[in-house]
Amino acid sequence: MIHLTTFIAAPIERVFDLSRSISLHKASMSKFGERPIGGRMDGLIEKDETVTWEARHFFKKRVLTSRITEMKRPFLFIDEQVKGDFASLRHEHIFKQIENGTIMIDQFSYQLPYGGLGRMANRLFLEKYLTKLLTERNEMLRATAESNGWKNYLS
C-alpha cells in the first residue's frame, strides 16, 4: 500500500472537487499521454460512474477502467479498478479540513498478477514509480488549488 499525505492551503470543497476533475487528472498525467477514452470524459466524476484511461507506461499502451464505489462529499471518495493490468486496485481519497486548509490523504492499495514475479517487480521498481506518479499529481493539484488555476477546472 502507498500512503501519501499532502497539505493544501485551500478549502476542503475545492480540493475534493479538483481531485474528482477528469480534466485536471488528464493535465497532471499529460507526460504519459493519459487521456479518457470511455465513461466519464470530462467534468467531475460522481459515485457509480466509470472512466477508462489510456496511457503509456513502461513503453506500452495501458488501459484501465475504474469506478467510483463510494463518495461522501467532501470527505471521501474511493475508486476501484473494474478492468486493467492490476489483479486489484483501490484508491481511497480522504480529505480533512484543518484551520488553514485541507489535509489530503491517498491510500493506494493494489495487487499485481504473476505471483512471485509480480511481487519482485513491485519491490524493484513499481512501488517507487507509482509513488512518484501520485506525488506529481498531488503537487499539481496543490498548486492549482492554491492559485487561481482552480477556476479553469471548477465552474
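See the structure above.
Residues numbered from 1 in each chain as written. Predicted model: local features only at pLDDT ≥ 70, side-chain atom pairs only at ≥ 80, totals over all residues. Heavy atoms only, no water.

Things to note about the overall build of the chain
Inference 1: The secondary structure content of the chain amounts to 3 helices and 7 strands.
Inference 2: When its helices and strands are written in sequence order, the chain yields β-α-α-β-β-β-β-β-β-α.
Inference 3: Computed over the C-alpha atoms, the radius of gyration of the chain is 15 Å, within 12% of the 15 Å expected from 2.2 N^0.38 for a compact globule of 155 residues.
Inference 4: Reported as C-alpha extents along the three principal axes, the dimensions of the chain are approximately 45 × 30 × 30 Å. (Helix = DSSP H or I, 4+ residues; strand = E, 2+ residues; numbered from the N terminus. Rg over C-alpha atoms; globule rule 2.2 N^0.38 Å.)

Topic: the nonpolar core
Inference 1: Formed by 20 residues in total, the largest nonpolar core has its most connected members in Ile8, Val15, Phe95 and Leu141.
Inference 2: Elements represented by at least two residues in this core include exactly helix H1 (12-19), helix H2 (22-28), strand S3 (50-57), strand S4 (60-72) and helix H3 (115-146).
Inference 3: The element that contributes the greatest number of residues to this core is H1, accounting for 4 residues.
Inference 4: Aside from chain neighbours lying at most four places away, what touches Phe95 is Ile12, Val15, Phe16, Ser19, Pro74, Phe75, Leu76, Phe77, Thr102, Ile103 and Met104.
Inference 5: Core analysis: the next-biggest nonpolar cluster, separate from the first, contains 9 residues, Leu4, Leu89, Tyr110 and Leu130 among them. (Core = buried A, V, L, I, M, F, W, Y, C linked by side-chain atoms within 4.5 Å. Buried < 20%, exposed > 50% of the residue type's maximum accessible area, 1.4 Å probe, protein only. Contact = heavy atoms within 4.5 Å.)

Notes on the packing of aromatic side chains
Inference 1: Across all of its chains, the model carries 8 aromatic pairs by this definition.
Inference 2: For the ring pair Phe77 and Phe95, a centre distance of 6.2 Å and an interplane angle of 20° mean the geometry is stacked. Taken together, the positions of Phe77 in strand S5 (residues 76-83) and Phe95 in strand S6 (residues 88-98) put the pair 18 residues apart, joining distant regions of the chain. By the burial criterion, Phe77 is buried, and Phe95 matches it.
Inference 3: With centroids separated by 5.8 Å and ring planes inclined at 50°, the aromatic side chains of Phe108 and Tyr110 adopt a geometry described as tilted. Across the pair, Tyr110 and Phe108 agree in class, each one buried.
Inference 4: What links up through ring pairs into an aromatic cluster is the set Phe32, Phe58, Phe125 and Tyr129. (Phe/Tyr/Trp six-rings, centres within 6.5 Å; stacked < 30°, edge-to-face > 60°.)

Details of the pattern of salt bridges
Inference 1: One pass over the structure, following the stated rule, counts 15 salt bridges.
Inference 2: Put simply, Arg73 and Asp17 hold a salt bridge, and the shortest N to O gap is 2.6 Å. A residue pair is termed long-range when its members are at least 10 positions apart, and Arg73 in the loop between S4 and S5 and Asp17 in helix H1 qualify at 56 residues.
Inference 3: Residue Arg73 is classed as partly exposed on the basis of its relative accessible area, which comes to 45%.
Inference 4: A salt bridge links Lys132 to Glu136, with the shortest nitrogen-to-oxygen separation between them at 3.5 Å. (Salt bridge = Lys/Arg side-chain N within 4 Å of Asp/Glu carboxyl O.)

As for the side chain of Asp106
Inference 1: Summarising the element assignment, Asp106 is placed in strand S7 (residues 101-111).
Inference 2: Despite its burial, Asp106 pairs with no opposite charge, the nearest such side chain being Arg137 at 5.3 Å.
Inference 3: A distance of 2.7 Å separates polar atoms of two side chains, one belonging to Asp106 and the other to Asn138.
Inference 4: Asp106 has contacts with Ile2, His3, Leu4, His91, Glu92, His93 and Asn138, leaving out every residue within four places of it along the chain. (Lys, Arg positive; Asp, Glu negative; His and termini not counted. Polar contact = N/O pair within 3.5 Å; in protein donor to acceptor, adjacent residues only side chain to side chain.)

Focus on the pairing of S6
Inference 1: Where S5 and S6 come together, 5 bridges link them in antiparallel fashion. Across the sheet, Phe77 pairs through a bridge with His93, a residue of S6.
Inference 2: With 11 bridges connecting them, S6 and S7 associate as antiparallel partners. Paired with His91 across the two strands is Phe108, which belongs to S7. (Pairing = 2+ DSSP bridges.)

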